[in-house]
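Each chain is listed here by its residues.
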Amino acid sequence: MSTAKKEFKKVTTNVLQEMKRSGEKISMLTAYDYTMAQILDHAGVDVLLVGDSASNVMAGHETTLPITLDQMIYHASSVVRAIDRALIVVDLPFGSYQGNSKEALNSAIKIMKESGAHAVKLEGGREVKESIERILTAGIPVMGHLGLTPQSIYKFGTYTVRAKEEDEAKRLLEDAHVLEKSGCFALVLEKIPASLAETVAKELLIPVIGIGAGNGVDGQVLVTHDMLGMTNEFNPRFLRRYLNLYDSMSAAFQQYVKDVKSRDFPNDNEQY
Ligand code: KIV
């Protein structure tokens, strides 16, 4: 159980910034549905990310690109109905903000209006500056995302560690400053060297939340299905599995099949 959750009735963007100032680490996990979101919220997770990883985890697509704005809103509104405390951040999906800043603003407004979430996240650095600023004019908090940005997978061609070379590391650091200046309330850094992530977290005043970015940042995020061990083919070094649900769920399903076939289920007490 989180020790912080009693102190703040509801987690807001200001609370996250206060956590950074006081040195309290921020916990963030993904959520795409009501039942899981309720468990995550009751467990004291500070931020729930309705990530476009739903495209992989929930819909079985190979990349995050196919998920639509309406599908993200469906997932986000299911999560919103479950939450008492956590801050809910929703990914702007691929194709909903890259066109121009007006499109970005309209997509962000649609998410906020139709799902009831608290903030949006988008991928990219200086190239999305104008969109971030325009979304902020509507009073919608924006979280940035740098490093491995899965919506650009076809540009990079691989999911390997980013910003290992000096040029890319310098550009990432500059982009992080651009995002902070543009008004982002927090930043996700995905799969970059720990020393670079630590430098970003030290230089920025806003919270920096890492996934595969080491321990020198202000918080951590993982995909919930990965940390629960429900997905068993994704094995990056940064992933800590807290359970092996794939095996225990599989055993339960096999037992159910056996019980049905053998007429063991339902027994006398399990019927009317
Ligand atoms: O979509 C997602 O789950 C994410 C996290 C990996 C940060 O963006």
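What counts as what
Residues numbered from 1 in each chain as written. Predicted model: local features only at pLDDT ≥ 70, side-chain atom pairs only at ≥ 80, totals over all residues. Heavy atoms only, no water. Core = buried A, V, L, I, M, F, W, Y, C linked by side-chain atoms within 4.5 Å. Buried < 20%, exposed > 50% of the residue type's maximum accessible area, 1.4 Å probe, protein only. Helix = DSSP H or I, 4+ residues; strand = E, 2+ residues; numbered from the N terminus. Contact = heavy atoms within 4.5 Å. Salt bridge = Lys/Arg side-chain N within 4 Å of Asp/Glu carboxyl O. Domains from an automatic or database assignment. Arc of directions from axis to C-beta. Patch = residues over 30% accessible without salt bridge, like charges linked within 9 Å, V, L, I, M, F, W, Y side chains within 5 Å. Areas by Shrake-Rupley, 256 points an atom, 1.4 Å probe, with all protein chains shown as cover. Pairing = 2+ DSSP bridges. Axes fitted to C-alpha atoms, helices over the stretch in contact; angles between N-to-C directions. Near = heavy atom within 4 Å. Polar contact = N/O pair within 3.5 Å; in protein donor to acceptor, adjacent residues only side chain to side chain. Nonpolar A, V, L, I, M, F, W, Y, C, P; charged D, E, K, R; others polar.

K.L.:
So what exactly am I meant to see when it comes to the nonpolar core here?
P.N.:
The nonpolar side chains of soluble globular proteins are, as a tendency, buried together. Within the largest apolar cluster, 77 residues are counted, with the highest numbers of intra-cluster contacts made by Leu48, Val120, Ile135, Leu187, Leu189 and Val200. It is helix H4 (residues 69-80) that contributes the most residues to this core, 5 residues altogether. Apart from residues lying up to four places away in sequence, Leu187 is in contact with Met143, Gly144, His145, Leu146, Ala176, Leu179, Val200, Leu204, Ile206, Pro207, Val208 and Ile209.

K.L.:
Just checking my understanding: could you explain the pattern of salt bridges for this structure?
P.N.:
Throughout the structure, instances matching the rule amount to 11 salt bridges. The salt bridge partner of Arg85 is Asp46, with a shortest N-O separation of 2.9 Å. You can see Arg85 sitting in the loop between H4 and strand S3 (87-91) and its partner Asp46 sitting in the loop between helix H2 (34-42) and strand S2 (47-50), a full 39 residues away along the chain. A relative accessible area of 7% places Arg85 in the buried class. On the accessibility criterion, Asp46 (2% relative accessible area) is buried. The partner of Lys202 in a salt bridge is Glu198, and the shortest N-O contact between them spans 3.1 Å. Of the two residues, Lys202 and Glu198 both sit in helix H9 (residues 194-203), 4 residues apart, roughly one turn of that helix.

K.L.:
Where do I start with the domain arrangement of the protein in this structure?
P.N.:
It is common to report an interface's size as the accessible area lost on association of the parts. Domain annotation of the protein identifies domain 1 (13-241) and domain 2 (247-272). Centre-to-centre, using C-alpha coordinates, domain 1 lies 40 Å away from domain 2.

K.L.:
I would appreciate a short explanation of helix H6 (residues 129-137) in the present structure.
P.N.:
An α-helical turn contains 3.6 residues, so a residue and the one three or four places further along point in the same direction. For H6, the full list of buried residues reads Ser131, Ile132 and Ile135. Axial view of H6: buried residues confined to an arc of 100 degrees, hence all on one face. Pointing more than 90 degrees away from the buried face of H6 are the exposed residues Glu130 and Thr137. Looking at the buried positions of H6, the neighbouring elements they touch are helix H5 (101-115), strand S4 (119-121), strand S5 (142-147) and helix H8 (166-182). With its phi angle positive at about 80 degrees, Gly139 sits one or two positions after the end of H6.

K.L.:
How do you make sense of a nonpolar patch on the surface when you look at a structure like this?
P.N.:
On the surface, a nonpolar cluster with roughly 360 Å² of combined accessible area is contributed by Tyr256, Val257, Val260 and Phe265. Topologically, Tyr256 is positioned in helix H11 (residues 245-261). Relative accessible area serves as the criterion here: at 49%, Tyr256 is assigned to the partly exposed category.

K.L.:
Which parts of the structure should I look at to understand the sheet that holds strand S1 (residues 26-30)?
P.N.:
Through backbone hydrogen bonds, the strands of a sheet pair up, either in parallel or in antiparallel fashion. Read around the closed barrel, the 8 strands follow the order S1-S2-S3-S4-S5-S6-S7-S8; overall the barrel is parallel. Adjacent strand axes in the sheet meet at a mean angle of 25 degrees when their direction is disregarded. In this structure, strand S6 (residues 186-190) lies alongside strand S7 (residues 208-211), joined through 4 bridges in parallel fashion. Of the residues in S7, the one forming a bridge with Glu190 is Ile211.

K.L.:
Even after reading the chapter, I still don't get unusual backbone geometry, so can you show me in this structure?
P.N.:
Most of the time, phi is negative for any residue but glycine, and the peptide bond is trans. Note the cis peptide between Phe265 and Pro266, where omega equals -5 degrees. For Lys191, which is not a glycine, the phi torsion comes out positive at approximately 50 degrees.

K.L.:
Please explain the pairing of strand S8 (residues 219-222) as it appears in this structure.
P.N.:
Bridge analysis of S1 against S8 gives 4 bridges, and the strand direction is parallel. Directly across from Ser27, in S8, lies its bridge partner Gln220. Note that S7 and S8 share 2 bridges and pair parallel. Paired with Gly210 across the two strands is Gln220, which belongs to S8.

K.L.:
Please clarify how the site of the ligand should be interpreted in this entry.
P.N.:
Every residue lining the ligand is accounted for by Thr30, Leu49, Gly51, Asp52, Ser53, Asp91, Lys121, His145, Glu190, Ile211 and Val223. Within the side chain of Asp91, an N or O atom sits 3.1 Å from an oxygen atom of the ligand. One nitrogen or oxygen atom from the side chain of Lys121 is found 2.9 Å from an oxygen atom belonging to the ligand. Burial of the ligand by the protein amounts to 94% of the accessible area it has alone, namely 260 Å². In terms of residue class, the shell around the ligand is built from 3 nonpolar, 4 polar and 4 charged.

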